[in-house]
Amino acid sequence: QVQLVESGGGSVQAGGSLRLSCAASGRTFSGYAMGWFRQAPGKERELVAAISWSDGYPYYPESVKGRFTISRDNGKNTVYLQMNSLKPEDTAVYYCAANRYGLGDVLRTDKYDYWGQGTQVTVSS
């Protein structure tokens with residue numbers, strides 16, 4: 001049974017930092033892309049970072065470039081999202097997800113096979 005379990009969410013003030021973790025289990029993710037998405041109330045779920053599990057190559061949308069960093073630890077089967085210079089508009093539930101198609105199609109939520117339960121991030125001004 002595949003499981004993706006997020007942790008590390010919480011409440012911070014604007015300008016602060018958080019590191020999210022996603023512990024993956026239940027299968028080998030070689031060839032997969034691992035993505036971090038977020039969803040704020042009333043908004044669509046959006047990708048904030050993705051990484052190739054095999055070679056660690058990252059992808060970031062323009063909205064978070066320079067502030068968010070994705071990484072993975074193959075030995076621990078864990079993907080991380082380091083978030084710096086947080087803004088109130090970063091407030092959302094953050095989800096980890098796994099995509100068998102790799103980085104070629106990271107933006108579409110329907111391409112992801114597995115999802116975590118989400119972790120809340122709240123940034124106050």
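Above this note sits the structure.
Residues numbered from 1 in each chain as written. Predicted model: local features only at pLDDT ≥ 70, side-chain atom pairs only at ≥ 80, totals over all residues. Heavy atoms only, no water.

## Here's the deal with the pattern of salt bridges
Summed over the entire model, instances satisfying the criterion amount to seven salt bridges. Taking the shortest distance from any N to any O, the salt bridge between arginine 38 and glutamate 46 comes out at 2.7 Å. Since its relative accessible area comes to 35%, glutamate 46 is described here as partly exposed. Salt bridges here are not isolated pairs; linked through shared partners, they connect Arg38, Glu46, Arg67 and Asp90. (Salt bridge = Lys/Arg side-chain N within 4 Å of Asp/Glu carboxyl O. Buried < 20%, exposed > 50% of the residue type's maximum accessible area, 1.4 Å probe, protein only.)

## Overview of the side chain of arginine 38
Its place among the elements puts arginine 38 in strand β4 (residues 33-39). Given the relative accessible area of 8%, arginine 38 is considered buried. There is a polar contact of 2.8 Å between the side chain of arginine 38 and the side chain of aspartate 90. Engagement of the side chain of arginine 38 in a polar contact is seen with the side chain of tyrosine 94, the distance being 3.1 Å. When near neighbours in sequence (up to four residues on either side) are disregarded, arginine 38 contacts Glu44, Arg45, Glu46, Val48, Val64, Phe68, Glu89, Asp90, Ala92, Val93 and Tyr94. (Helix = DSSP H or I, 4+ residues; strand = E, 2+ residues; numbered from the N terminus. Polar contact = N/O pair within 3.5 Å; in protein donor to acceptor, adjacent residues only side chain to side chain. Contact = heavy atoms within 4.5 Å.)

## Thoughts on the sheet that holds strand β7 (residues 68-73)
Strand order in this open sheet of four strands is β1-β3-β8-β7, and the pairing throughout is antiparallel. A strand with exactly one partner marks an edge of an open sheet, and here the two such strands are β1 (3-7) and β7. Averaged over all pairs of adjacent strands, the angle between their axes in this sheet comes to 15°, without regard to strand direction. (Pairing = 2+ DSSP bridges. Axes fitted to C-alpha atoms, helices over the stretch in contact; angles between N-to-C directions.)

## A closer look at the packing of aromatic side chains
Summed over the entire model, instances satisfying the criterion amount to eight aromatic pairs. Aromatic pair phenylalanine 37 and tyrosine 112: ring centres 4.9 Å apart, planes at 90°, arrangement edge-to-face. In this pair, phenylalanine 37 is assigned in strand β4 and tyrosine 112 in the loop between β9 (92-99) and β10 (114-115), connecting sequence segments 75 residues apart. In this structure, phenylalanine 37 and tyrosine 112 share a single accessibility class: buried. A centroid spacing of 5.7 Å and a plane angle of 50° characterise the contact between tyrosine 112 and tryptophan 115, whose relative ring orientation is tilted. Assessed through its relative accessible area of 29%, tryptophan 115 is described here as partly exposed. Taken together, the ring pairs connect Phe29, Tyr32, Trp53 and Tyr114 into an aromatic cluster. The ring of tyrosine 95 has arginine 45 sitting right over it, with the charged end atom 3.8 Å from the ring centre. The ring of tryptophan 115 has arginine 45 sitting right over it, with the charged end atom 4.8 Å from the ring centre. (Phe/Tyr/Trp six-rings, centres within 6.5 Å; stacked < 30°, edge-to-face > 60°. Lys NZ or Arg CZ within 6 Å of the ring centre and 35° of its normal.)

So yeah, pure geometry; function would need other evidence.
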